[in-house]
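# Secondary and tertiary structure notes
Letter by letter, the chains look like this.
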Amino acid sequence: MIRRDYLIIGSGIGGASACEGIRNYDKRGSVTLVGAEVFPPYKRWILSKSFLREKEPNLKKLQEPDERWFQAHKIETRFGTVVTQFNIERRLAVLANGESIEFNKACLAMGSRPVRPPVAGVNLGNVIYLRTIRDALALKEMASLERGIMVVGGGLLGCEAAASLRLMKLKVGLMHRDPFLLNRYLDPNGFEGKTVLRNIQTKSGNRFPVGLAVVACGAEPNLDLVRNTPLAGPHGSPVTDYLETEEKGIYAVGDLAFYPDRVMGGVRRQTHWENARSQGLIAGANMTGKKRIRYEQVPCFWTEMFDLRMDFVGDFSVLPTRVGLDGAYAKKKFVARYYQGDTLRAILLCQQTQREVDSAKTQLRQALAK
Ligand SMILES: Cc1cc2nc3c(=O)[nH]c(=O)nc-3n(C[C@H](O)[C@H](O)[C@H](O)COP(=O)(O)OP(=O)(O)OC[C@H]3O[C@@H](n4cnc5c(N)ncnc54)[C@H](O)[C@@H]3O)c2cc1C
């Protein structure tokens, strides 16, 4: 039996940051990081951006942190390994190769997986879900052979992928059920084909011949490992202000965590990079018992499409009752402030510096503290 002080499940940025958070306060405790992907932790956000466009992307440069960091900090890593069972009472995890790890404390960082829409043909070979390096490499290869590519879903990921494919001079369509892009829903009725996709049929009966589809219909939390336990809720893994689940010593972070938002109010699950990074660091620190830090970050994410960079700060889940604009949409350089009544709830920054983004976070904190 293998025994560890800390077990981290999931080697995305959440899990990698939890290791860092632990090592910031506990240099000696034994730590194992187990991740299903063969590749060490990497910048997942780049997959829909420059990674698609680069002819020969440098996979080493993608790593975050560099895999040597784990060796230097005496963290055992097991990449390409799935945790198949998680026994809360016995504090025991079973790996796909049959080994068991008994742990004192654990962090769940299994992230999320692409939603497969409930329509026919979602598993056809040339229907791609962009989540991992393998998906991105497959998309690059298939895109170079296909003439017609359809991106299904006009949210952040769909728009980014469509922009990148277009910058690669490919013929790209984008299918979205709403009249404007960057909200979350779509309505293809089905993907048609026996083994490969030939057409996409919409609810209204229209048929689009395509050789390749990229489906970007949102991400759902990877909760299979803890299904039917209190660690799996309908919206993610419920955690406290300190990112601890109701099981003492077991934490959840990143795309998985359903946490109380002490800045904006309410309870939420974010599927964004900065959130997973900071939650990992904080959960790791709290796991050592030497710190007790609340997660109190302003929600924040960014996107890049064509020549635009946009940063979103605050809560965009409700439509604003009023928008205040500094700058001009036409000049593609502006700051838009979203209000609910008199209360500032969110700030959208287009082509602004990191300083402006930080200042937007401060403005929101101040507005909400009133
Ligand atoms: C293409 C793309 C572009 C994005 N762009 C942006 C962006 O521009 N800005 C932004 O803010 N966010 C972006 N995101 C979102 C951001 O990447 C995620 O929010 C972030 O990666 C979440 O980190 P995580 O560690 O919680 O989960 P993940 O990154 O999903 O990592 C979880 C890991 O756990 C592994 N795992 C799952 N189950 C098990 C198991 N049982 N055993 C072992 N391992 C397991 C998974 O294989 C995975 O490697 C993007 C995401 C994608 C896919």
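Only a predicted model underlies this, so the values are computations on that prediction, with no experimental measurement involved.

Conventions used here
- Residues numbered from 1 in each chain as written.
- Predicted model: local features only at pLDDT ≥ 70, side-chain atom pairs only at ≥ 80, totals over all residues.
- Heavy atoms only, no water.
- Helix = DSSP H or I, 4+ residues; strand = E, 2+ residues; numbered from the N terminus.
- Expected span 1.5 Å × (residues − 1).
- Buried < 20%, exposed > 50% of the residue type's maximum accessible area, 1.4 Å probe, protein only.
- Contact = heavy atoms within 4.5 Å.
- Domains from an automatic or database assignment.
- Buried area = accessible area lost by both parts, 1.4 Å probe.
- Salt bridge = Lys/Arg side-chain N within 4 Å of Asp/Glu carboxyl O.
- Phe/Tyr/Trp six-rings, centres within 6.5 Å; stacked < 30°, edge-to-face > 60°.
- Lys NZ or Arg CZ within 6 Å of the ring centre and 35° of its normal.

### Things to note about unusual backbone geometry
Cis geometry marks the peptide bond from Glu64 to Pro65; its omega dihedral reads -5°. On the secondary structure map, Pro65 appears in the loop between α2 (50-53) and α3 (68-72). Positive phi, close to 50°, is recorded for Arg91, a residue that is not glycine. Inspection of the secondary structure puts Arg91 in the loop between β4 (83-87) and β5 (92-95). Although it is not a glycine, Asn228 adopts a positive phi angle of roughly 65°.

### Regarding helix α1 (residues 13-25)
The terminal C-alpha atoms of α1, which comprises 13 residues, lie 19 Å apart, in line with the 18 Å expected from a rise of 1.5 Å per residue. Of all 13 residues in α1, 10 are buried; the element is thus mostly enclosed. Every buried residue belonging to α1 is among Ile13, Gly14, Gly15, Ala16, Ser17, Ala18, Cys19, Gly21, Ile22 and Arg23, and all of these are buried. Against the buried residues of α1 lie β1 (2-9), β2 (31-35), α3, β3 (75-79), β6 (100-108) and α6 (273-287).

### What about the domain arrangement of the chain?
Along its sequence, the chain is organised into domain 1 (2-112 + 220-287), domain 2 (116-217) and domain 3 (307-369). Listed as interface residues are 17 residues of domain 1 and, on the opposing side, 15 residues of domain 2. Its largest share of buried area at the contact with domain 2, domain 1 owes to Ser48, Leu52 and Arg53, together 41% of the area lost on that side. The tally of links between domain 1 and domain 2 comes to two salt bridges. A salt bridge links Arg131 to Asp255; the nearest nitrogen and oxygen atoms lie 3.2 Å apart. A total of three residues in the side of domain 1 that touches domain 2 trace back to one element, the largest contributor, which is α2.

### Quick word on the packing of aromatic side chains
A complete count under the given rule lists 11 aromatic pairs for this structure. The interplanar angle of 70° and the centroid separation of 5.3 Å between the aromatic rings of Trp45 and Trp302 together place this pair among those described as edge-to-face. Of this pair, Trp45 sits in the loop between β2 and α2 while Trp302 sits in strand β20 (residues 300-305), and the two are 257 residues apart along the sequence. Arranged with centres 4.7 Å apart and planes meeting at 10°, the rings of Phe301 and Phe312 form a pair that is stacked. Taken together, the residues span a long stretch of sequence, with Phe301 in strand β20 and Phe312 in strand β21 (residues 308-314) at a distance of 11 residues. Here the aromatic residues Phe301, Phe312, Phe316 and Tyr338 are joined through ring pairs into a cluster of three or more. Looking at Arg116, its charged tip hangs above the ring of Tyr129, at a distance of 4.2 Å from the centre. Of note, Arg292 hangs over the ring of Tyr242, and the distance from its end group to the ring centre comes to 3.8 Å.

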